[in-house]
Amino acid sequence: MIVYAEIEFIIQTAHSLKEKRAVLQRMVTRTKQKFNVSVAEIDHQNVWQRTRLALVAVASSKEAAERELMHAVHFLQSNPQWEQLDFYREYL
């Protein structure tokens, strides 16, 4: 089973692309290290206060893939440096 999600954040503390990318790089790297998911920025690459991330989890059961993906999403949501704007999830 494959679970796909998109999550959009606004980074209020970022005042340049360099600051945004520092926050983003740190969170993406930690998420990949802690959870069995793939993560990539898919939109707003040149906007300094917004980002849209895509996350994908693959497992033998829907429940296992969903659990792993949601752990990663909760981890991303816990970052105080950004605020969630949008969330979308799909089962493939």
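Thresholds, definitions, all that
- Residues numbered from 1 in each chain as written.
- Predicted model: local features only at pLDDT ≥ 70, side-chain atom pairs only at ≥ 80, totals over all residues.
- Heavy atoms only, no water.
- Helix = DSSP H or I, 4+ residues; strand = E, 2+ residues; numbered from the N terminus.
- Rg over C-alpha atoms; globule rule 2.2 N^0.38 Å.
- Buried < 20%, exposed > 50% of the residue type's maximum accessible area, 1.4 Å probe, protein only.
- Contact = heavy atoms within 4.5 Å.
- Areas by Shrake-Rupley, 256 points an atom, 1.4 Å probe, with all protein chains shown as cover.
- Lys, Arg positive; Asp, Glu negative; His and termini not counted.
- Charge placed at Lys NZ, Arg CZ, Asp CG, Glu CD.

1. Concerning the overall build of the chain
Point 1. Counting its secondary structure elements, the chain contains 2 helices and 4 strands.
Point 2. The C-alpha atoms of the chain give 13 Å as radius of gyration, which agrees with the globular expectation for 92 residues (12 Å, within 12%).
Point 3. Dimensions along the principal axes, computed over C-alpha positions, put the chain at roughly 40 × 20 × 15 Å.
Point 4. Burial statistics for the chain: of 92 residues in total, 39% are counted as buried.
Point 5. The long-range fraction of contacts in the chain, counting pairs at least 24 apart against all pairs at least 6 apart in sequence, stands at 73%.
Point 6. Roughly 5300 Å² of accessible area belongs to the chain as shown, and the carbon and sulfur atoms make up 51% of that amount.
Point 7. Here the chain contributes 12 positively and 11 negatively charged side chains, and the mean placements of these two sets differ by 7 Å.

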